[in-house]
Amino acid sequence: MRVFHTAAIAAFCIVLAACSKGEEKSESGSTPVAAVAAAPSDTEKAALLAALPAPYNAGDLANGQRKFALCRSCHTIAEGGPALTGPNLYGVFGRPSGAVADYAYSPALKAAGFVWDGEHLDKWLADPRGFMPGTKMAFAGLKDPKDRVDLIAYLKVETGFKPAP
Ligand code: HEC
């Protein structure tokens, strides 16, 4: 009888231990989910940068941000940001050219028919009107190739670009 009693208590303890272990698991599991929901931290941006295809993975985000000052008067980059003189650029990578609904593009950009990627953006930023005669983007061009790499890396990190898995 005594032996049975001890065994029952032991079994009960094991069940309790299993329960509290399960609780611990779900508690620690919920912490990273909450962190992902927040805006990307500098550490997360560094990880996004490192995951970009070359040469953008070696881009200088601080210089890219400084160069974006040249675009800021005409473009917003936050998700859901308004059009200014130019369209909002969130999600531009992987998006067809001239595809923001309700933005009045030039006939040239509307008819261009390509998908924005680093290469197209590089040519566009070097000389918008040389690359696309007829565009209404009044920007002289960013002549230094290294500045363009840095700016494109910055834009990829800030506009929700997801590298192919
Ligand atoms: C003076 C205002 C102005 C400045 C400065 C400017 N843009 Fe633009 N941008 C525009 C306009 C206007 C358009 C639409 C062009 C058209 O329809 O031909 C445009 C279009 C674009 C597009 C095409 C978007 C799409 O949906 O196809 C990209 C990409 C872009 N700009 C990036 C930039 C970047 C990066 C900079 C900074 C280096 C910059 N622009 C500077 C006015 C500007």
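The rules we used
Residues numbered from 1 in each chain as written. Predicted model: local features only at pLDDT ≥ 70, side-chain atom pairs only at ≥ 80, totals over all residues. Heavy atoms only, no water. Phe/Tyr/Trp six-rings, centres within 6.5 Å; stacked < 30°, edge-to-face > 60°. Helix = DSSP H or I, 4+ residues; strand = E, 2+ residues; numbered from the N terminus. Buried < 20%, exposed > 50% of the residue type's maximum accessible area, 1.4 Å probe, protein only. Lys NZ or Arg CZ within 6 Å of the ring centre and 35° of its normal.

(A) Representation of the packing of aromatic side chains in the model. Per the stated rule, a full pass over the model turns up 7 aromatic pairs. Centroid distance Phe-68 to Tyr-154: 5.9 Å. Interplanar angle 45 degrees. Geometry classified as tilted. Here Phe-68, found in helix α3 (residues 61–68), pairs with Tyr-154, found in helix α7 (residues 145–158); they are 86 residues apart in sequence, far enough to count as distant. Here the aromatic rings of Phe-114 and Phe-131 are separated by 5.9 Å at their centres, their planes lie at 70 degrees, and the arrangement is edge-to-face. Of this pair, Phe-114 sits in the loop between α4 (107–110) and α5 (118–126) while Phe-131 sits in helix α6 (residues 128–131), and the two are 17 residues apart along the sequence. Residue class for Phe-131 comes out partly exposed when judged on its relative accessible area of 27%. Aromatic rings pair up to connect Phe-114, Trp-116, Trp-124 and Phe-131 into one cluster. Across from the ring centre of Phe-161, 4.1 Å away, lies the NZ or CZ of Lys-156, which sits over that ring.

(B) Region of interest: the environment of Ala-111. In this fold, Ala-111 is placed in the loop between α4 and α5. In sequence terms Ala-111 and Ser-97 are 14 residues apart; their C-alpha atoms lie 8.4 Å from each other.

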